[in-house]
Amino acid sequence: MYHEPEHYLDNNATTARLMAHARLLLKLSRRFATLAPTGLRYAAHIANYQSGTVVIHTENGAVAAKLRQMSQRLCDELSKGGPECNGMLVKVQPRQLPLRSIGSTQKPLSAQAVASLETVSGKLPEGPLKGALTALLARAARVE
C-alpha cells in the first residue's frame, strides 16, 4: 500500500513537530500574502513563528521599514485567521540568488590567434597596448 512521504513524517514523533511547524508557517505565509500590500508581498516572506512572534525577512531596508510601520495591523489580521500574534520581528535578509555567475573561466587561445597577436605585438611601439598584449600572450602560454 502506497503512502505519501508526508504520512511517514507525520507518524514519527520528532518529525511530526517539524511538520506541524511547517504547516503553521505555510498557513501564516498564505495569510500574509493576502494581507500585505501588493508591492511588499513579493519583497518579504514569513521566516518563522515563535512564542507568538512572527519573524519576517525582507529584501531591503525600505520594505522592512514599511512593514515595521504596519506591524500592529498585520499582527491583528494574522491573529484572526490563525495562531496568536503578539509581535512582529522584521529583518533584512536578501534572498540568495541561485544562479549567480561565478568568475569567468580562462579560455585558451587558438594557435592562429596567438600567432596573429605575436605579429601585431611585434609591430607595436612600446606602450600600454604592447604591454597588455605581452601579458595576454604570457597567460595564453601558461594555459596551454
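Residues numbered from 1 in each chain as written. Predicted model: local features only at pLDDT ≥ 70, side-chain atom pairs only at ≥ 80, totals over all residues. Heavy atoms only, no water.

1. Comments concerning the overall build of the protein
- Scanning the protein from terminus to terminus reveals seven helices and three strands.
- The order of helices and strands in the protein, counted from the N terminus, is α-α-α-β-β-α-α-β-α-α.
- Summing over all exposed atoms, the protein offers an accessible surface of approximately 10200 Å²; the carbon and sulfur share of this is 58%. (Helix = DSSP H or I, 4+ residues; strand = E, 2+ residues; numbered from the N terminus. Areas by Shrake-Rupley, 256 points an atom, 1.4 Å probe, with all protein chains shown as cover.)

2. Observations concerning the sheet that holds strand E3 (residues 87–92)
- Taken together, three strands build an open sheet; the order of strands is E1-E2-E3 and the sheet is mixed. A single partner strand is all that each edge strand has here, and the edge strands are strand E1 (44–50) and E3. In this sheet, adjacent strand axes meet at a mean angle of 25° when their direction is disregarded.
- Note: E1 against strand E2 (residues 53–58), six bridges, orientation antiparallel. Bridged to His45 within E2 is His57.
- Its contacts with the sheet place helix H2 (residues 13–35) against E1 and E2, and it is angled at close to 140° to E1.
- Across the face of the sheet, helix H5 (residues 71–80) comes into contact with E2 and E3 while running at roughly 120° to E3. (Pairing = 2+ DSSP bridges. Axes fitted to C-alpha atoms, helices over the stretch in contact; angles between N-to-C directions. Contact = heavy atoms within 4.5 Å.)

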